Amino acid sequence: MNISMQYHFAEAYEPFYFSFLAVCLIIAIQVYRRVQSNLGRESVTGAFKLIIRVYFIYIITDFLWVFVSFYTDSLILVVVLEYIESGILALFTFCWFRFAEFYIDGFRMQNIRTWIWYSIPYLVTVVVTAWYVLNVTGIMGEARVSSALYVINSIADCFYLGFAFFHTLYKLAQEKYRIRRQRYLVILECIVYPAVGAVISFFISYVPYIILGILPSIIKVLIDMQNANIYTDALTRINNRYRVDEYLEHNWEHCSEERPLWIYLIDINQFKKINDRFGHMEGDRALVAIADALKKIAYEGLVIGRFGGDEFILVDPQDHDPEALTRELRSYLKEISEERRFAFPLTVSVGYASCTDPREQIIDVKKRADEVLYQDKKVQNAGVIE
């Protein structure tokens, strides 16, 4: 009876393993198709897509390993594929480390020197993997290298996942804003899943627990990126009103005489005439231009957003000179307008007010800023569209 059960289990193992990998691959493909450029910064979405591509390669290599294990007697090919998988896993952990740094705004990975230094552990695994494969297949030398070389690739895995985990933990401890703290917690959670899968695989080697551990991490990141998109204005790709209001609510209590909190309201002059005469597509281009100008003056700590319609908002907790900030905004807007060759004068009116007492209501400060905006509109010589 027991022998019969073992026989049937052995027969079922192969289709089970193939089916398991196929399901993971299908889900990963669906996740990849949902990763769009508007989910976040280009660096983040690009790094996330690279992770999924490497995951595809890892699954396909595992497919080959299972096929070779069941349908051939080539032990050397099985061993080669196993070690190649370990090299691909090292690449995956490197890509995950890179993605995590982009996601938490950690190191400037665009810096070539930083990129080279943190690529070294992975480059070592490439060399070791190539040497191992060439040696085992007899292309380079006849001596069989020790399987202890697996440890080298495992060290790279531990380095990248461990570094990403503890660096994220460090950033989390320093972060005051709830939204960003939530983002860091997502990264920590997603590092744990594949790490747990790797640990389990040491004890149960006949189930692809690493592949299983990676899958929920990919799905979790996609969900978080989609949730973050809720806070983003679809057209201008800056914060929407909900996100800015949430920021104000969470930071209002910190304003004081020494640290005033400024609220700026920015409105496009004669926006209705732009839409009526030049069409809504040009109106949309004008809105994007304003957002791009705001991005240029959004120093560290400043929060910008689309308040609704043709109105934008800027929150400054660092007490910059309002007149200087307004002049800078108009200067950048003029440059952008000339570059994009608008057929109409694109100008803005700006109103601002500060809060030095957290007991004052947010709506009251916005009203004061709106009154200044109205006065600025009256005196603005924004040009007339005939």
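Residues numbered from 1 in each chain as written. Predicted model: local features only at pLDDT ≥ 70, side-chain atom pairs only at ≥ 80, totals over all residues. Heavy atoms only, no water.

In this structure, what is going on with empty space enclosed by the protein? I would like to understand it.
In this approach, a probe sized like a water molecule rolls over the atoms, and the result shows the empty space that is left. Counting across every chain of the model gives two cavities of 30 Å³ or more. Looking at the second largest cavity, its volume works out to about 30 Å³. Residue lining of the second largest cavity: Tyr264, Ile266, Ile297, Leu314, Leu325, Thr326, Leu329 and Val350, and that is the complete set. At the level of secondary structure, the elements contributing two or more residues to the lining of the second largest cavity comprise strand S1 (261-268) and helix H11 (322-340). (1 Å grid on protein atoms, 1.4 Å probe; cavity = no way out; pocket = protein on both sides within 12 Å on 5 of 7 lines; lining within 4 Å. Points joined across faces, edges and corners; volume = space filled by probe spheres on them. Helix = DSSP H or I, 4+ residues; strand = E, 2+ residues; numbered from the N terminus.)

Any chance you could explain the state of the cysteines here in plain terms?
Defined simply, a disulfide is a covalent bond joining two cysteines at their sulfur atoms. Throughout the structure, instances matching the rule amount to zero disulfides. The structure places no disulfide on Cys355, whose sulfur is separated from the nearest cysteine sulfur, that of Cys255, by 3.4 Å. (Disulfide = S-S within 2.5 Å.)

Explain unusual backbone geometry here, please?
With the exception of glycine, most residues fall at negative phi, and the peptide bonds are largely trans. With a phi close to 60°, Asp319 is a non-glycine residue in the positive phi region. Looking at where Asp319 falls in the secondary structure, it is placed in the loop between strand S3 (311-316) and H11. The phi dihedral of Arg341 is positive, around 55°, even though this residue is not glycine. Within the element layout of this structure, Arg341 appears in the loop between H11 and strand S4 (348-355). The class for Arg341 is exposed, based on a relative accessible area of 75%. (Buried < 20%, exposed > 50% of the residue type's maximum accessible area, 1.4 Å probe, protein only.)

What should I look at first to understand the packing of aromatic side chains in this one?
Each aromatic ring pair is described using two quantities: the centre-to-centre distance and the angle formed by the ring planes. On inspection of all chains with the given rule, the structure shows 23 aromatic pairs. Centre to centre, the rings of Phe159 and Phe163 are 5.8 Å apart; their planes meet at 45°, and the pair counts as tilted. Here Phe159 and its partner Phe163 are both found in helix H5 (residues 150-174), four residues apart, which amounts to about one turn of the helix. Of the residues examined, Phe159 reaches a relative accessible area of 32% and is grouped as partly exposed. Among the aromatic side chains, those forming a connected cluster through ring pairs are Phe94, Phe97, Tyr118, Tyr122, Phe159, Tyr160 and Phe163. Here the guanidinium or amino end of Arg183 rests over the ring plane of Tyr103, the centre of that ring lying 4.1 Å away. It is Arg241 that lies over the ring of Phe307; its NZ or CZ is 3.9 Å from the centre. (Phe/Tyr/Trp six-rings, centres within 6.5 Å; stacked < 30°, edge-to-face > 60°. Lys NZ or Arg CZ within 6 Å of the ring centre and 35° of its normal.)

Would you mind showing me how to read the sheet that holds S4 here?
Backbone hydrogen bonds hold the strands of a sheet together, and the pairing may be parallel or antiparallel. Taken together, the four strands give an open sheet; going across it, the order is S2-S3-S1-S4, and neighbouring strands pair in antiparallel fashion. Single-partner strands in this sheet number two, and they are strand S2 (303-308) and S4. Across this sheet, the average inter-strand angle for adjacent strands is 20°, counted without regard to direction. With five bridges joining them, S2 and S3 adopt antiparallel strand pairing. (Pairing = 2+ DSSP bridges. Axes fitted to C-alpha atoms, helices over the stretch in contact; angles between N-to-C directions.)

Just to check I follow, could you spell out H11 for this structure?
Turn by turn, an α-helix covers 3.6 residues, leaving residues three or four places apart pointing in a common direction. Compared with the 27 Å implied by 1.5 Å per residue over 19 residues, the 27 Å span of H11 between its first and last C-alpha is a close match. Contacts from the buried residues of H11 go to S1, helix H10 (280-297), S3 and S4. A positive phi of about 55° marks Arg341, the residue just after H11. (Expected span 1.5 Å × (residues − 1). Contact = heavy atoms within 4.5 Å.)

So what exactly am I meant to see when it comes to a nonpolar patch on the surface here?
Together, Val192, Tyr193, Val196 and Ile200 give the surface a local cluster of nonpolar side chains, amounting to about 280 Å² of exposed area. Note that Ile200 resides in helix H6 (residues 178-203). According to the relative accessible area criterion, Ile200 is partly exposed, its value standing at 32%. (Patch = residues over 30% accessible without salt bridge, like charges linked within 9 Å, V, L, I, M, F, W, Y side chains within 5 Å. Areas by Shrake-Rupley, 256 points an atom, 1.4 Å probe, with all protein chains shown as cover. Salt bridge = Lys/Arg side-chain N within 4 Å of Asp/Glu carboxyl O.)

I would appreciate a short explanation of the confidence of the model for the protein in the present structure.
The predicted coordinates should not be examined in detail at positions where pLDDT is low. Taken as a whole, the protein shows an average pLDDT of 84; of its residues, 88% reach a score of 70 or greater. When the criterion is pLDDT under 50, residues 1-9 qualifies, and its contacts beyond four places in sequence or with other chains add up to zero contacts. (pLDDT = per-residue confidence, 0-100.)

How should the pattern of salt bridges be read in this particular structure?
Tallying each qualifying case throughout the model produces 13 salt bridges. Of the charged contacts, one joins Lys220 and Glu189 as a salt bridge, the two residues approaching to 3.7 Å between their closest N and O atoms. One end of the pair, Lys220, is in helix H7 (residues 209-229); the other, Glu189, is in helix H6, and 31 residues separate them in sequence. On the basis of relative accessible area, Glu189 is assigned to the partly exposed category, the value being 30%. As a salt-bridge pair, Asp233 and Arg306 come within 3.4 Å of each other at their nearest N and O atoms.

Would you mind showing me how to read the nonpolar core here?
Generally speaking, nonpolar side chains in soluble globular proteins are found buried as a group. Core analysis: the biggest nonpolar cluster contains 58 residues, and Phe48, Ile52, Tyr55, Ile59, Trp96 and Phe99 have the highest contact counts within it. Only helix H1 (2-34), helix H2 (42-71), helix H3 (75-103), helix H4 (112-136), H5, H6 and H7 provide two or more residues apiece to this core. Apart from residues no more than four positions distant in its own chain, Phe48 is found in contact with Val31, Val35, Phe99, Ile218, Val221, Leu222 and Met225. (Core = buried A, V, L, I, M, F, W, Y, C linked by side-chain atoms within 4.5 Å.)

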